[in-house]
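# Structure at a glance
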Amino acid sequence: MTKPQMSEARRYQQLRAHLSYLKLDNAAEALPRILDEARAERLSMTAALERLLEIEVNATEERRLASRLRFACLPEPWTLADFDFAAQPGVDEKLLRDLATLRFLDDASNVLFVGPPGVGKTMLAIGLARSAVEAGHRVYFTTAAELAAKCHKAALEGRWNTCMRFFAGPRLLVIDELGYLPLPGDGAAALFQVINQRYLKSSTILTTNVGIADWAGAFGDATVAAAMLDRLLHRAAVVGIDGPSYRLRTHQAHADTIRQGVNAHVS
Ligand code: ADP
Ligand code: MG
């Protein structure tokens, strides 16, 4: 080997080592291929560097998406595209399309899905959550019972504040299945504190089979229920699924007002 060739080979090794040292492993691995391409296609230095770093950027994006998805704990792989609007004419498709733009995250608006079991509340919540994860947001999915249990355990172990910080963290928190069964122990208080600390800061999606008019009964405490609804509904889209239910009809007028507000806001 002549000397210039050797130094070129050493320089290549050095470059590879630099990439590895900076943990740009995908770029390091792609380096020989990109250099070959650069020679074959007579790429400019800029084009070759761009092609090399694009590989690393794509790999990083994929890793971050996977990590956000793991963190989010979505229980099903459902997406909004899977939801059959024709099968559920009770759902306001236009409102859902608006929500799917994720603009509601920008002003920390909430979304409430209210309806009986099996109408697709969880599916829509997961669909929106997944869109948010894919758009780069930190999302966390839990059920009301799970949240109550986690907070209860944290209180016993002296980690209440840490637990509250955890639930304040995600840009979007989904609380699924707030139901007629009262939350155990200090569950209602925990839920209230979580909602309260997220109020006006970050969005919460809540699904429930309890019509808004019946929340006081479901919580066993009208004051907590009213305070929670106040914060949840201040900026919210209410998606009532199941037109014929009497309970839903009673809050429909309320939902309409809120929906108009949200539509005015997001459109
Ligand atoms: P809920 O949370 O209201 O009890 P789910 O979201 O769990 O209901 O939906 C129940 C099941 O029915 C799920 O498997 C869901 O995928 C399916 N499903 C409900 N509504 C629809 C719909 N409009 N299009 C497609 N699948 C639906
Ligand atoms: Mg459900």
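Structure shown above.
So, a few notes on the structure that sits alongside this text. The structure presented is a predicted model; accordingly, all values stated were derived computationally and were not measured.

### A few points about the overall build of the chain
Tallying secondary structure elements over the chain gives 11 helices and 5 strands in all. Buried residues in the chain amount to 42% of all 267 residues. If you take every contact in the chain between residues at least 6 apart in sequence, the share linking residues at least 24 apart comes to 75%. Of the roughly 14400 Å² of accessible surface on the chain, 56% is carried by carbon and sulfur atoms.

### Focus on the site of ligand 1
Near ligand 1, the surroundings consist of 13 residues, among which Asp-84, Gly-118, Lys-121, Thr-122 and Met-123 are the closest. For ligand 1, a nitrogen atom lies 2.9 Å from a polar atom in the backbone of Asp-84. One of the side-chain N or O atoms of Lys-121 is found 2.8 Å from an oxygen atom in ligand 1. Protein contacts shield 68% of the accessible area of ligand 1, which totals 560 Å² for the unbound molecule. Residue composition of the shell around ligand 1, grouped by class: 6 nonpolar, 4 polar and 3 charged.

### Remarks on the environment of Ala-81
As for its position among the elements, Ala-81 is in the loop between helix 3 (45–72) and helix 4 (93–100). Measuring from C-alpha to C-alpha, the distance between Ala-81 and Leu-124 comes to 9.8 Å, with 43 residues separating the pair along the chain.

### So, helix 2 (residues 25–40)
Taking 1.5 Å per residue as the helical rise, helix 2 with its 16 residues ought to reach 22 Å, and the 23 Å between its terminal C-alpha atoms agrees with that figure. At Leu-31, helix 2 shows its maximal bend, which comes to roughly 50 degrees, and the proline Pro-32 appears one to four places after that position. Considered for burial, the residues of helix 2 that qualify are Ala-27, Ala-28, Ala-30, Leu-31, Ile-34, Glu-37 and Ala-38.

### Thoughts on the nonpolar core
Counting residues in each nonpolar core, the largest one holds 33 residues, and the members touching the most others are Leu-112, Leu-191, Trp-215 and Phe-219. Among the elements of the structure, strand 1 (110–114), helix 6 (144–156), helix 7 (160–168), strand 3 (172–178), helix 8 (187–198), helix 9 (215–219), helix 10 (222–234) and strand 5 (236–240) are those that each provide at least two residues to this core. The residues contacting Phe-219, other than those within four sequence positions of it, are Leu-178, Leu-183, Ala-188, Leu-191, Ala-225 and Met-228.

### Structural notes on the side chain of Asp-107
Within the fold, Asp-107 resides in the loop between helix 4 and strand 1. Here Asp-107 sits buried without a salt bridge, and the closest side chain of opposite charge, Arg-235, lies 5.1 Å off (N-O distance). A distance of 3.0 Å separates the side chain of Asp-107 from the side chain of Ser-109, its partner in a polar contact.

### A few points about unusual backbone geometry
The backbone phi angle of Lys-23 is positive, close to 60 degrees, even though this residue is not glycine. With respect to the helices and strands, the residue Lys-23 is situated in the loop between helix 1 (3–21) and helix 2. Positive phi values are uncommon outside glycine, yet Arg-42 reaches one of about 50 degrees. Along the chain, Arg-42 turns up in the loop between helix 2 and helix 3.

Conventions adopted
- Residues numbered from 1 in each chain as written.
- Chains lettered and ligands numbered in written order.
- Predicted model: local features only at pLDDT ≥ 70, side-chain atom pairs only at ≥ 80, totals over all residues.
- Heavy atoms only, no water.
- Helix = DSSP H or I, 4+ residues; strand = E, 2+ residues; numbered from the N terminus.
- Buried < 20%, exposed > 50% of the residue type's maximum accessible area, 1.4 Å probe, protein only.
- Contact = heavy atoms within 4.5 Å.
- Areas by Shrake-Rupley, 256 points an atom, 1.4 Å probe, with all protein chains shown as cover.
- Near = heavy atom within 4 Å.
- Polar contact = N/O pair within 3.5 Å; in protein donor to acceptor, adjacent residues only side chain to side chain.
- Nonpolar A, V, L, I, M, F, W, Y, C, P; charged D, E, K, R; others polar.
- Expected span 1.5 Å × (residues − 1).
- Bend = angle between axes of the 7 residues up to and from the residue.
- Core = buried A, V, L, I, M, F, W, Y, C linked by side-chain atoms within 4.5 Å.
- Lys, Arg positive; Asp, Glu negative; His and termini not counted.
- Salt bridge = Lys/Arg side-chain N within 4 Å of Asp/Glu carboxyl O.

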